[in-house]
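Descriptive structure summary
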Amino acid sequence: MLTTTTPQDETAAERFDFWRTLIGRSFVPLEALPRETPDFHAALRSAQLGPVQVSVVDADPHVVAHTRRHLASDLPDFVKLSLQLAGQCVLTQKDRQVLLEPGGLALYDTRFPYTLDFDRRYRMLVVMFPRPMLRLPERGLERVTATAVSCQGGLGPVVLPFLKGLANQVEELDTVGTPRLADTVVDLIGALLAPYAESARRPEDDGRDRLTRRILSYMEQRLADPYLGPDQIAAVHHISRRYLYKLMAEQGHTVSGWIRERRLAQCHRDLADPVLAHLPVSTVGGRWGFPDPAHFSHAFRTAYGISPSEARVAAQNQ
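In what follows, the accompanying structure is described. (Residues numbered from 1 in each chain as written. Predicted model: local features only at pLDDT ≥ 70, side-chain atom pairs only at ≥ 80, totals over all residues. Heavy atoms only, no water.)

So, on to the sheet that holds strand 6 (residues 78-86). What the six strands build is an open sheet, ordered 1-3-4-11-6-9; its pairing is antiparallel. Every other strand in the sheet has two partners, leaving strand 1 (2-5) and strand 9 (105-109) as the edge strands with one partner each. Strand after strand, the sheet turns through a mean of 20 degrees between neighbouring axes, direction not considered. As defined by bridge partners, strand 3 (residues 42-49) adjoins strand 4 (residues 52-59) across eight bridges and the pair is classed as antiparallel. In the strand pairing of strand 4, Leu 49 is matched with Val 52. Across the sheet, helix 3 (residues 156-168) lies against strand 4, strand 6, strand 9 and strand 11 (122-130), angled at about 85 degrees from strand 6, the strand it touches most. (Pairing = 2+ DSSP bridges. Helix = DSSP H or I, 4+ residues; strand = E, 2+ residues; numbered from the N terminus. Axes fitted to C-alpha atoms, helices over the stretch in contact; angles between N-to-C directions. Contact = heavy atoms within 4.5 Å.)

Written out as structure tokens, the structure is:
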């Protein structure tokens with residue numbers, strides 16, 4: 001677990017500059033703007049669960065902005081879930097605005113600009129993870145983005161205590177948590193958001209969305225099959241390859257790109273799992289549809305900037 005606090009022996013302006021740099025490196029590229037306060041202090045506590053980052057932010061009032069100049073085609077696609085633990089926040093994205101008060105949560109998409117405006121001292125849980133892990137159709141993700149999510153009904157009373165537990169135990173997650181917990185965290189978030197993602201759907205969208213969800217689920221369940229490809233997927237779902245490509249393009253992916261990204265995410269998770277430390281790196285790749293070790297190593301390095309072996313060592317040293 002990494003804990004960073006603003007320096008105590010510097011001016012408020014210097015502490016804020018330190019904070020601006022810290023959050024821009026810890027999440028996605030961000031700008032931070034100060035509010036008129038006599039002083040500024042903040043702390044960031046973060047733990048990494050495979051591809052999922054869990055953070056708790058305690059800070060004095062300020063504004064955070066992910067602007068158009070921060071967007072870049074080479075940045076990974078992340079979504080972030082924020083749970084307000086204390087204070088309040090106004091989240092703005094895509095011409096939507098939602099007020100988060102203690103117990104309130106919302107999802108936002110780092111592919112698009114957003115702002116978080118804190119007008120008082122606050123504490124917030126932030127869960128950041130690759131967009132494909134959520135397994136929501138693009139239209140469903142768009143519907144739930146920057147939308148108030150109630151935790152009073154449905155799965156809320158189950159998921160909210162779980163997320164609060166993550167916040168309370170963030171200091172121990174690096175030691176007691178496992179990469180497998182990452183899937184549990186995201187699956188619970190997805191289950192909580194699903195009713196919002198499916199609401200207000202146009203009748204003509206219904207069949208296409210259900211088909212897309214079936215295709216994504218089918219591919220997810222067969223990632224280990226090295227022969228998984230467009231012909232097989234299209235045939236099973238009784239559609240043409242052209243229509244399959246169109247459906248996946250609506251999700252912002254090619255078929256092969258989505259499969260490769262999810263396979264690599266599973267490999268990354270397994271390489272960080274101490275229970276699987278006895279497996280050779282090549283075996284981990286083979287388990288997830290990469291029978292050729294050289295191809296696996298090249299694809300992994302392209303995606304993560306390090307080799308599979310280096311990723312395993314880095315996870316062991318955290």
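Every buried residue belonging to helix 8 (residues 241-250) is among Leu 244, Leu 247 and Met 248, and all of these are buried. Burial along helix 8 is one-sided: seen end-on, the buried residues are contained in an arc of 95 degrees. Looking at helix 8, the residues exposed on the side facing more than 90 degrees away from the buried face are Arg 242 and Ala 249. Of the residues trailing helix 8, Gly 252 is marked for its positive phi of about 85 degrees. (Buried < 20%, exposed > 50% of the residue type's maximum accessible area, 1.4 Å probe, protein only. Arc of directions from axis to C-beta.)

For the rest of this paragraph, the subject is the state of the cysteines. Within this structure, the stated rule accounts for zero disulfides. Of all cysteine sulfurs in the structure, the one in Cys 151 sits closest to Cys 89, which takes part in no disulfide; the separation is 15 Å. (Disulfide = S-S within 2.5 Å.)

This paragraph deals with the packing of helix 11 (residues 293-304) against helix 12 (residues 308-316). To describe two helices that pack against each other, one gives the angle between their axes and the distance between the axes. Contact geometry of helix 11 with helix 12 gives a least axis separation of 8 Å together with a crossing angle of 60 degrees. By the angle between their directions, the pair helix 11 and helix 12 is classed as oblique. For the pair helix 11 and helix 12, contact is made by Phe 296, Ser 297, Phe 300 and Arg 301 and by Pro 308, Glu 310 and Ala 311, respectively. Along the lines of polarity and charge, the residues of the contact of helix 11 with helix 12 split into four nonpolar, one polar and two charged. (Parallel < 35°, antiparallel > 145°, perpendicular 65-115°, else oblique. Nonpolar A, V, L, I, M, F, W, Y, C, P; charged D, E, K, R; others polar.)

Below, the discussion takes up unusual backbone geometry. Residue Asp 95 is not a glycine yet carries a positive backbone phi of 60 degrees. Mapped onto the elements of the fold, Asp 95 is located in the loop between strand 7 (89-93) and strand 8 (96-100). Using a relative accessible area of 84% as the deciding quantity, one classes Asp 95 as exposed. For Arg 135, which is not glycine, the phi torsion reads 55 degrees and is therefore positive. With respect to the helices and strands, Arg 135 occurs in the loop between strand 11 and helix 2 (138-144). For Arg 135, a relative accessible area of 35% translates into the label partly exposed.

Counted under the stated rule, the structure contains seven aromatic pairs. The interplanar angle of 40 degrees and the centroid separation of 4.7 Å between the aromatic rings of Phe 300 and Tyr 304 together place this pair among those described as tilted. Taken together, the residues Phe 300 and Tyr 304, both in helix 11 and four residues apart, mark about one turn of the helix. On the accessibility criterion, Phe 300 (0% relative accessible area) is buried. Chaining the aromatic ring pairs together yields one cluster made of Phe 290, Phe 296, Phe 300 and Tyr 304. It is Lys 94 that lies over the ring of Phe 112; its NZ or CZ is 4.0 Å from the centre. (Phe/Tyr/Trp six-rings, centres within 6.5 Å; stacked < 30°, edge-to-face > 60°. Lys NZ or Arg CZ within 6 Å of the ring centre and 35° of its normal.)

Quick look at the pattern of salt bridges now. Taken as a whole, this structure holds 24 salt bridges when the rule is applied. Residues Arg 131 and Glu 138 are paired through a salt bridge, measuring 3.0 Å at the closest nitrogen-oxygen approach. By relative accessible area, Glu 138 is classed as buried at 16%. A salt bridge links Arg 135 to Asp 187, with the shortest nitrogen-to-oxygen separation between them at 3.0 Å. Residue Arg 135 is located in the loop between strand 11 and helix 2, and its partner Asp 187 is located in helix 5 (residues 179-198); the two are separated by 52 residues in the primary sequence. We classify Asp 187 as partly exposed; its relative accessible area is 38%. (Salt bridge = Lys/Arg side-chain N within 4 Å of Asp/Glu carboxyl O.)

On to the sheet that holds strand 5 (residues 62-66). Sheets are built from strands that pair by backbone hydrogen bonding, the pairs being arranged parallel or antiparallel. Taken together, the five strands give an open sheet; going across it, the order is 2-5-10-7-8, and neighbouring strands pair in antiparallel fashion. The outermost strands of the open sheet, each flanked by one partner alone, are strand 2 (31-34) and strand 8. Recorded for the sheet is a direction-independent mean angle of 15 degrees between the axes of neighbouring strands. With three bridges joining them, strand 7 and strand 10 (residues 114-118) adopt antiparallel strand pairing. What sits directly across from Thr 92, in strand 10, is Thr 115. Most of the contacts of helix 1 (residues 12-26) go to strand 2, to which it runs at about 155 degrees, and overall it touches strand 2 and strand 5.

Remember that the coordinates give geometry; whether it matters functionally is a separate question.
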